[in-house]
Structure formats: structure tokens, C-alpha cells
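# Commentary on secondary and tertiary structure
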Number of protein chains: 4
Amino acid sequence: MINVGIIGYGYWGPNLVRNFFAAKDCRVKSVADARPDRLQQLGKIFPTIIGVKNAEEIICDPDIDAVVIATPVSTHFSLARKALANGKHVLLEKPMTSSVEEAEFLINLAEQKKVLLMVDHTFLYTGAVQKMKQLIDGQELGSIKYLDSTRINLGLFQSDINVLWDLAPHDLSILSHIVNEQPYSVNARGITHTNNEIENIAYLTVNFPSGLIAHFNCSWTSPVKVRMMLIGGDQKMILYNDLEPTEKIKVYDTGYNYSNDEEKKQVMVDYRTGDIYVPKLATTEALLGMANDFISCIQEIKQPLSSSKLGLEVVRILEASNESIKNQGKEVVLEAFTIPVS
Amino acid sequence: MINVGIIGYGYWGPNLVRNFFAAKDCRVKSVADARPDRLQQLGKIFPTIIGVKNAEEIICDPDIDAVVIATPVSTHFSLARKALANGKHVLLEKPMTSSVEEAEFLINLAEQKKVLLMVDHTFLYTGAVQKMKQLIDGQELGSIKYLDSTRINLGLFQSDINVLWDLAPHDLSILSHIVNEQPYSVNARGITHTNNEIENIAYLTVNFPSGLIAHFNCSWTSPVKVRMMLIGGDQKMILYNDLEPTEKIKVYDTGYNYSNDEEKKQVMVDYRTGDIYVPKLATTEALLGMANDFISCIQEIKQPLSSSKLGLEVVRILEASNESIKNQGKEVVLEAFTIPVS
Amino acid sequence: MINVGIIGYGYWGPNLVRNFFAAKDCRVKSVADARPDRLQQLGKIFPTIIGVKNAEEIICDPDIDAVVIATPVSTHFSLARKALANGKHVLLEKPMTSSVEEAEFLINLAEQKKVLLMVDHTFLYTGAVQKMKQLIDGQELGSIKYLDSTRINLGLFQSDINVLWDLAPHDLSILSHIVNEQPYSVNARGITHTNNEIENIAYLTVNFPSGLIAHFNCSWTSPVKVRMMLIGGDQKMILYNDLEPTEKIKVYDTGYNYSNDEEKKQVMVDYRTGDIYVPKLATTEALLGMANDFISCIQEIKQPLSSSKLGLEVVRILEASNESIKNQGKEVVLEAFTIPVS
Amino acid sequence: MINVGIIGYGYWGPNLVRNFFAAKDCRVKSVADARPDRLQQLGKIFPTIIGVKNAEEIICDPDIDAVVIATPVSTHFSLARKALANGKHVLLEKPMTSSVEEAEFLINLAEQKKVLLMVDHTFLYTGAVQKMKQLIDGQELGSIKYLDSTRINLGLFQSDINVLWDLAPHDLSILSHIVNEQPYSVNARGITHTNNEIENIAYLTVNFPSGLIAHFNCSWTSPVKVRMMLIGGDQKMILYNDLEPTEKIKVYDTGYNYSNDEEKKQVMVDYRTGDIYVPKLATTEALLGMANDFISCIQEIKQPLSSSKLGLEVVRILEASNESIKNQGKEVVLEAFTIPVS
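Now for a quick tour of the structure. (Residues numbered from 1 in each chain as written. Chains lettered and ligands numbered in written order. Predicted model: local features only at pLDDT ≥ 70, side-chain atom pairs only at ≥ 80, totals over all residues. Heavy atoms only, no water.)

Moving on: the relation of the copies chain D and chain A. Take chain D, turn it by 180°, move it 0.0 Å along the axis, and it overlays chain A with an RMSD of 0.1 Å. In the structure described here, the two chain copies are related by an operation that fits a two-fold rotation axis. Across chain D, the rotation axis passes nearest the C-alpha of Tyr277 of chain D, at a separation of 2.3 Å. Most of the interface of chain D is mirrored in chain A: 100% of its interface residues are interface residues there too. (Least-squares fit on C-alpha atoms with pLDDT ≥ 70 in both. Contact = heavy atoms within 4.5 Å.)

This part covers the interface of chain D and chain A. At the interface, eleven residues of chain D touch eleven residues of chain A. The tally of links between chain D and chain A comes to two salt bridges. The residue Lys250 of chain D makes a salt bridge to Glu247 of chain A at a minimum N-O spacing of 2.8 Å. At the level of elements, strand 13 (249-261) and strand 14 (266-278) of chain D are the ones that each hand at least two residues to the side of chain D that touches chain A. (Salt bridge = Lys/Arg side-chain N within 4 Å of Asp/Glu carboxyl O. Helix = DSSP H or I, 4+ residues; strand = E, 2+ residues; numbered from the N terminus.)

Residue and element names in this part refer to chain D. Mapping Ala202 onto the fold places it in strand 9 (residues 201-207). By relative accessible area, which is 0% here, Ala202 ends up buried. Distance in space between the C-alpha atoms of Ala202 and Leu164 is 6.5 Å, their sequence separation being 38 residues. With sequence-adjacent residues up to four places away left out, Ala202 is seen in contact with Val163, Leu164, Arg189, Gly190, Phe216, Asn217, Cys218 and Ile325. (Buried < 20%, exposed > 50% of the residue type's maximum accessible area, 1.4 Å probe, protein only.)

Bringing the sheet that holds strand 3 (residues 50-52) of chain D into the picture now. All names here are of chain D. Overall, parallel pairing links the six strands, which are arranged 3-2-1-4-5-6 in an open sheet. This sheet does not close on itself; its edge strands, each paired only once, are strand 3 and strand 6 (117-120). Shown here is a sheet whose adjacent strand axes are inclined to one another by a mean of 25°, direction ignored. The pairing of strand 2 (residues 26-32) with strand 3 spans three bridges and is parallel. Counterpart to Ser30 in the pairing with strand 3 is Ile50. (Pairing = 2+ DSSP bridges. Axes fitted to C-alpha atoms, helices over the stretch in contact; angles between N-to-C directions.)

The next thing to look at is the pattern of salt bridges. All names here are of chain A. In this structure the tally under the stated criterion is 67 salt bridges over all chains. As a salt-bridge pair, Glu104 and Arg316 come within 3.7 Å of each other at their nearest N and O atoms. A residue pair is termed long-range when its members are at least 10 positions apart, and Glu104 in helix 5 (residues 100-113) and Arg316 in helix 9 (residues 308-326) qualify at 212 residues. The same class applies to Glu104 as to Arg316, namely buried. If you follow the salt bridges from partner to partner, you end up with Arg27, Lys29, Asp61 and Asp63 in one network.

What follows concerns unusual backbone geometry. With an omega of -10°, the peptide bond running from Lys94 of chain A to Pro95 of chain A counts as cis. Take Pro95 of chain A: it is sitting in the loop between strand 5 (89-93) and helix 5. Of note, the phi angle at Gln139 of chain D is positive, near 65°, even though the residue is not glycine. Its location among the elements puts Gln139 of chain D in the loop between helix 6 (127-137) and strand 7 (144-154).

So, about helix 7 (residues 163-178) of chain C. All names here are of chain C. When the terminal C-alpha atoms of helix 7 are compared, their 23 Å separation across 16 residues agrees well with the 22 Å that a helix rising 1.5 Å per residue should span. Largest kink in helix 7: about 50°, centred on Pro169. Two or three places before Leu164, at the start of helix 7, stands the capping residue Asn162, its side-chain oxygen 2.9 Å from that residue's backbone nitrogen. (Expected span 1.5 Å × (residues − 1). Bend = angle between axes of the 7 residues up to and from the residue. Polar contact = N/O pair within 3.5 Å; in protein donor to acceptor, adjacent residues only side chain to side chain.)

Residues and elements named next belong to chain A. Across the interface, helix 4 (residues 73-85) lies against helix 5 with an axial gap of 10 Å and an inter-helix angle of 10°. If you check the angle between helix 4 and helix 5, you find them roughly parallel. The segment helix 4 lies against helix 5, with Phe77, Ala80, Arg81, Leu84 and Ala85 engaging Glu102, Phe105, Leu106, Leu109, Ala110 and Lys113. Partitioned by chemical class, the residues of the contact of helix 4 with helix 5 number eight nonpolar, no polar and three charged. (Parallel < 35°, antiparallel > 145°, perpendicular 65-115°, else oblique. Nonpolar A, V, L, I, M, F, W, Y, C, P; charged D, E, K, R; others polar.)

Quick look at the structure:
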């Protein structure tokens, strides 16, 4: 039985509490939030869980094995550092930290302390992403040529992070999970319409050595909600529409072959469109899968699907996107990774 | 009665012939195409039109008042120059030319010769774009903050121009038509998957002094066809889905206001979502509207909706996008216009 | 403060408990269910509510003011009769009873005992139905000519009632709520594919003296879920798609006028299609609105939106549909109402 | 080479002319229409075809082998009778005739005269219907349990036939084509909103001995256009949405099995939902396929896909639907067929 303490009972906190409550071999002992009304809300729904005011009460509780941190990103590093230093296993909400430096520090500290450090990239536990991963690993799509994601809606303007840090982590975690190649550079362009430094619309391109291109369109100011990703291989292509209630994934037997006609100095392209296949997806709740992975990886001392290394990759791309935006979209080369992704 | 000759009877040519055939005060005298099977096809459907092998036969025909050029882009300049020099009115298919230099040369030549030079940006004549223009001019949307366009499908790979030159002119012409502001720079990133220099996927951002941002997602390698544009004002927003058979335009009474809380150093944002309105659109054929505009502007010596100045603006952005793509997405500042757009 | 007891903690019970828990001036004292695992489940989520095995413990509890009955339809009558006889206010799940006779008996008993008898037709409390009611009452649609409803999916085959009794009550309650006219007859045709007497597909037509026609397509054996209703007036028409996340109601400025050309013995019809309007809907939870209506009608001694009279109307149509199905679809005239609907 | 004359150049006539023009081994010699403006229109597009005023000029033309009749239904019988009597092959637009008696007379006459009599049920030649036929014949769906069709829009009110005779022939021809069972009865209910005897909304149920039920929802007064058919087998189910540009047919691996629990007097149902498959469809023009079938069946003396027997079946159901509507929806048993369908 793993005793869990959860820090932060805001928008996402109740979902975490509910799922860790339901997870196997896990007991939610306490939840910390400085706001009295949030703790009162907690007490009404989960009378057996202790509500505390200070994160410290969880981080220092000798009873607690694992700490879940669901607070604003800017506080992730200091809370996680203390918890890791106290020998707690740590689950961080996405994005992992505000910088690559912080993320690398935490990864090293967790290794030293021999505890688990994990990042909650919930999408990796959805039936849709698992099916896509399976199809891609099974070579159904052939060689991946592009990933194109649109994640827009009329969203809550964040006051500490821009729209890429808010929305792109979902798609970047999917990219890292399903593509077995390291990106070499990014370009990003964004704009703020609220007279501050925080972009509410931004476009990010991630470039790969093989010619794979990934693009992310993020906005808090769209009148319609769109959650759409295209993944194109040279054999087949996937349309992933997360708003479809059941038909989230469509696999198109669509592609093209080309040959270079040396004489005419032309490229000859053969097109192919065929059947479409809509696989049935697992419908288990993704967040429960994530909670169970966290608990069982603690117990079995192994790395989870949504590892700290993957969390670091996401932060590395986000950090580079900041630099590109501040430099009018110029290409920013990603530094070589100092921590190898297993 | 204006006598018209049409050069090029390929993919788009039959549509031009059919609509100039139906246009007011207009006679299609001859059509030029070097391919015998195309002329045979012409003869079957339009037995009264003369098919000729050489463009020269049209350009030099003293009977012909106006020349429509529907050939590959690389040939636009030389054909149009000859026709203008011969005192013909000229309609060019989009994009107008391969370079800003060529476009400016033709504009100057047409002014000198006192003939009409026009570019066929057909979309400007659709009920959808006309309704959007009307709403924006009527201040329904407030101040325009962004335009976001996706135009993707499994498309014919062109052998002379990349995907931006092929697909983006439609959306760039709409941008120029509905926005009363000059862009100052572009960023573009693209990739070729056919081992040549011609990008089949590309992303273009057009930046404006006011903070308006416009983004264009173009691809020949999508398994699904998407024709979607979002235009966001600070009062209302438009979703334009050109694939909807009747409900192409949706006007969302959606917006947000913000205030800067100086003390807390925070931006406070108020959101608003209200009713949606789907205006009825005119259903006249856009291409016929374009043909009629060309003929009547010749007769009345005035400038058409889809003017050569607008055509030049589109080429200017495309040319800059080329430079940005070849420089890994770096910002390219648009030169000051040498020809004022009226 | 009204003390409530809830009988039945199956599929719908937890929703009732949760919403009566949240309702104003209301305390959920106890819940009855014969199944130990259901009561255990209750205790886990609502530790303050008493779980009891027998409905009698609720019906005879002098502390309890109002009884909510969420059990199979066949048990509604005997449970409600006992509760009413004991002076309790009663809320019945839909459909109200298995027969008109039972429903009329309960209505008379409630009047005699001066307690409230109400039926939970939840849809009447949705933002969508409230908006439609408002538009129709405001004469926006003109005279109502038809209502056409499709409610199909791969559904749980019920063992005691057929698909009409299971699915149509929602749509019939909407019909009764928004149309101010008494139907005079019904036709219904159905089929069972499970070798018993319980139809899994059925079609119901409800005929009105004015020429208004209402049609209901219900199935448990559709591969896709459809929840669609068309309401056509002679001025405007409504499309109500309950599966749309936000745009549930579309109001079409569509109609036609006709004139009889006496000479030609022909009808001349003028068609009209105009703008579409998608009103913003209230997003409060319908079931909570229903619970609040029940409680406040008890307190203020008035009739609720979802009255027992309306519940009776629904049962009257369902009972007639049974007779029609058993007689190969022949028209069944609805008997004159013995209880006037206020 | 078969010489064809076409009678009627109204709404559908130009499509027939265009496709017989393109058909193999076929020459369109003349077209008859009493309206001068229609003949003028013909001359503009097809200068080689002779326009004539009277149908007689075609029916009596010794040069003409085959007559295509695209006039109002009420004239089908007399025109076809004359043409057949003159030894012409005849193609009738749908519905074949105004009554079963007429249809049977024509079928007998054609047999006597040894000429081909065919009905243009164009849908049988679409890629969608051909794929459904192939799937059903290949036992992919198992035993067919239901067919449910909705064909509604704001449509032209016909002055001679009701909405069922206008819209249902398409769906009834598909029913007859894909289902290998004779229906035994129909129920229909309809309403007129134009103060004449011509229903603008009608619902038709066709009942089969095996328990298969087919239902048709037809309306000229819907604000939205719907063309949707569900076909449910006990193994798989099909959704056919004719308005989808490419994904018209979806095959659902969805079904249920049941067993009768004798002890509990209950039916136990097992549900199954699996993958969905969207087959690629042939995109050849259906009307051209029909025209080619007509010509080649004349040449090879064989029966076409869209035979006169199938046309008769459609009329038989329509005639019975009239009787049911005029008798308030009562079941009308279909008479035993006097002409065996091969």
C-alpha cells in the first residue's frame, strides 16, 4: 500500500484525488491547498481524506510515500526538490518544470535518492494514443513524414505561462512517445493580445533530421474547440480527432509513391486512396491508468510510460520555443541531450 | 461586346471557357492549347469556339480585345507581357507571376498601355468571402486579431511550384481583401518529401504591425480534405468552412475583454460566448462573377475587385515565404510597396 | 427543509441522490435497495445517507416528507400508492406507470391526500427544451406542423418494457410540453428480434386534429447513436441535436407559403430559406432543476413543470401505441381525458 | 449502334441526354419537349441533336430503336404503351407507372413484343449501393433485421404525386435490390399541409414474413437535407449517408446475440461493438452506368440490374401505401405477385 499526498486542489486536483482514490494499492492520506473553500469542498466529497493548508505538511509527513504536485508550474521545482530530498516519490503535473535546467536537476536528484520521478502526461494512457503507438510500432504507417496538431478553443488565459506551455505539452508528449527520433530544431511564432508577455496564440514547428516535420497550432482565442492531429506515414495516415465520442482514430489507407524522372528532371508521384479503418479503442479512464502506472512503478522499481525523461524532452522543446518566439521565429537548435532517454 | 481569347485548356481552362461563354457582353472567340486532345475536347463541347495551337495566334489576333492566361505560372510573365504590349486587356490565373519584379513590370506596362490587368482570385467573388467582407467592413467583428487558415488534402504534387504557391494564394487573396493593413514580415517553414526542392508541406505566418497574426497551413499530403479559416476579432469571430454545403460561415458572438491589474501585475480576462449566427449566402457561381467583373471593368475603365495590386501583394508574400523557407524559417521583412494599393 | 427518501439505487439512482443532495432546502435521509453491493457503493460515496433494504422502511418513516421512486416501471404503482396513502409527496421516474388506469388512480389519490405527485421527465429542465418552449410560445415558429424524432442506439434491451416505453417518454414529454393541442389518435408498428413480446424497434405516429403530425423512431439496435428532433412551423423550423456538445438547437428561417390556384386546380408553393440562428443555451444540470422544482413545489403547494398530468399524457400515448402494435399498426383513437390538464 | 430518342427535357432530361451522349454504342437522335425554351436550351448545348415538339415524332420514328421517357408519371403508361406497341425498347423514369395494373400491362406487352422494358432506378448503379449489395450477398451482415431510411429536405412540392411517390422510389429500389425476400404488407401514415390530397410528409413501414422491418421517413418540409439509411444485420450493420462526399458507407462490426433463459422467462442479450470499416467506393457516374446497362441489355437481349420487375415491386409498395394512408395507417397486405421476379 502506497500512501499518497496531493499538493494542489484546484482545477485538476479533484480528478487526481478521485483517480488515486480508485487506484490499486494506494491510499490518499492528505491533500494540501491554501484556500479554505477548496479544502471544504474536498471534505464534502472525500470525508476520509485529511485537508492541510501547507504543502510542507505533506512533504514532511513520514507516513507519506509519494507526493503528487498539481500546482502552478513555477512552483513545481521547489516543491519537487524538497519532496525528493525527503525521499518521497514524486509525480509532477505537466509541464514538468519551467526550464530544462530545473528538470535535469530533479532527474539527477531522483536518481541519487533512488526514488521515482514521473510526469503526468495523461494522454499517453488514452486508448487513442495507445492504439496509434501500436499501429506505428507495428509499421502500419511506414515511415512517419509529418505530425500536424491543432489544439484551440476559447480557453482560460494563464497568467504565468503562454499558450504553448499550457496546451502543447499534450501533443509534444504524444510526439515524443510515438516517434523514435530526436528533433534537431524548432521554430515558433506567437502573439499576445493582452498587452503582456504571454502569447495567447502560437505556432510551433519541430524539425527532425529525417525530414519529419511536426507542427503545433495552439490558441486560447478560438470560438470553436478543435482537438485534431494528423500523422502521415508513407504507407498510411491517421486522423486523430479527440472530440469524436467514439470514432477518435481513423486510419486511412492513403499514400503516395514518387520516382525521380532523371531525364525530364521531374518527380513522378503515384497517389493511392483506399479503405478507411476505425479501430475500437480501450475506454478505460486515462488518468486512472496513469495513477496505476505511478503506483506500480514505485512498487516494482521501474520506469513508467510517462517518464521524467519524456517530461524533460517536452520542456526542452518548450524552452526552445520561447527563445524562437523572442527572436521572431528564428530556428533554435536543440542542445544535445545530457541525459540519455532510455 | 468584348472578344476574348483563352490561353491554356488544362484543368481550369474549361471552367473559364464555360463562364466567359455565359458572361455578359462577351464572346469567346478562340482557345489556345498545344495538345491536340485538349482542342478536340473543346470542339466537342463548344463547336463555335476556334481552337488554335499557339498562344501567339490569340495574342496577335486583331479581333481579340482581351486575353485570359491559364497556363503554368512560369509562363505567365512572357505571355502577359506580349499581350499587354499588343494592347490587349489581360486576365492572369493565380498566382499572378513567379516574382514581385515580374508583377510590378506587368502592372507598369498595363498602366502605360492603358489596358486592364487583372488576376483571377476567384474566391473574392464567392458568397462566403463577400459576406465576411461585409461583416468586417460593418465593424461586426471589431478589431481583427488573427486569421488562421488550413487548406490541406491529398493533392496533385506540382512540378514547378511548391504547396504554398499552389494553395495559399486563395487564402492570401482573402487576407488582403478583408484586412485593411499592410503586413510587415513573414516566417515560413516547409519540407519536401519527394527528394526535390519543392515543398509539399509548408507553414506560413504573416505578421502585422498592429499585432494581427495570420497563419496558413498548406499540405498536399493530408488524407482528409480541410478548407477551414478562423477570423478572430475582439468583438466576434468567424468560422469559415468551405466544405460545408450550405453553412459555410458561422459568426460567433464570442470574445474577451482584458484589463491590466497594475497592483497584482496580472491581466484580468473576461470571456463571453453567445449566440451563433449562420448567414444565408449568395449562391451565384463565383467564376461567373469574376468573368463579369473583368468584362465590365474593361468597358467602364475601372479597377476590379480582384485587382493586379492585390495579385502583387499575394506574390510579394509568396516570394518572401520562399526566402524564409530557404533560411530555416527566419523572419523576412516585406519591402515597402513601390506601387500604392488604392 | 424537506426530508427525502429514494427507492432504487440502480442506473439512475446515483444521479438522483447526487442532485437531491445538491438541491436547495432538501436533505436525503435514506436510500433503499435490496442489493447489498448497491448499498455498499452508496456508503462509500455518501457516508451520511442511511442505506436500507426495504422500500417500506422509507415509505413508513415518519421523518420522511417525500419519496423518490426509481425502480422498474412495473413496481411504480404499488410503491407510489403506499407512499401517497401514507401522506408522502411522490416523485416517480418516467414512465409514470404501466397503464392509464394506474396513473389516474395515483393522480386522484394525491389530490385526495393533498400531496404532490410528480413525474421525472428530466428533459423538460434542459436548456435546449426550455429554449424551444420559449421560441414556440413566442410564436417564432408560427403554427407547428410536425415534430419528427429519432432516438436510436445500441441500447440495453429491457426485459419488462419495449423500446417505446423505454425511449419515447423523453420525446413524448417534450411533445406534450411544447405543443398546446391534444392528439386524437396514434399508429405504431414494431418488431421484436429476440423471440419474445418486447419490441426492440418501433415507429410511432401521433396524430392531431389540426393536421400536426408527430413521429417517433426508436431502436435499441442501431450501430450509431442518434438523438435528433425536427420541429417544423410554418414560419421557422428547429433542428434539435442533443448529441451536439454546444450547438444543440438550430433555428432555421425556412418555410413555405402556398396558395390554391383554383383555375389550374393546383397548389402554388413559395419556398423560403434564410439565416440560421444557434441560440446560446443555459447549461445548468437538468436533473438538479427537476429536483429543485420538486422541492419548491412541495413548499409552495403548486404544480411542477413536469406534472403528473403530463406524465399521464405520456402513458396514455404509450398505452395506445401498445394496442396499435398488437393490431398491426391500426389507428387507435385516444380516449377523452378524464382528468383535465390545467 | 442503338438510336435513342428522349421524351421530356425538364429537370432530369439534360442529365439523361448528357449520359446517353456519353454511353457506348449509342446515338441520341432526337429529344421531344413541348416547351420551345427547353428545345432552345437543348440546341445551345447539343447542336447535333434534333429537337421535336411531339413525343409522337420519336415514338413513330422508324430510325429510333429505343425511347427514354422522362415525363410526369401520369403520362408514363400511354407513352410507353405506344412505344412498345411500335416495337421500341423503352426506358421509364421512376416511378414506373401510376399503378400496378399499368406496370403489369407494360411488362406483358414488352414480353409479347420481345423488346426491353427497363426502369431508371439510378441508385442501383452507385458505388455505395453496389458495395452494400456485395457485402450483403457475401453474408458480411448476417441475416438482415431492419432497414431504416430518412430522405428529407425542403423539396419541390409535386402537384401530381405525394412525397412517397416522389422520394421513396430510390429507397424502395435499394430495398428490393439488396433484400432477397418478398414483403407481405405495408403501413403508411401521411399528412398534407397544403390543403389538397397530396401528402408532403409521410411514413411508410414495409413488413416481411421473416421479421425484417423496413421504414421510410419522407418529407418535403425539412429545413435540413438528410439522406441516411441504416441496414442492420445480426452480424454487422451499415450506415449509408449519401451526403458524405467520400465516406458514404460505414460498416460497423456491431451486433448482439440473445438467448432465452427459460427459467427466468427472460431474454439474455450480449452486445458487441468493434471496429468500423469505411470501404472505398467506385466513383463512376451512376447514370452513365444505367445508360450503358440499357444499351448493352438491348444488344445482348438480357435483363438489366434495374429491371421492369423491380420497377413493378416499387409501384406495388407505393400503391399499397396510398391505400394505407387513405385508411388511417391500417395494414395493407400486398397481393401475391402475378409476374414472378426471376
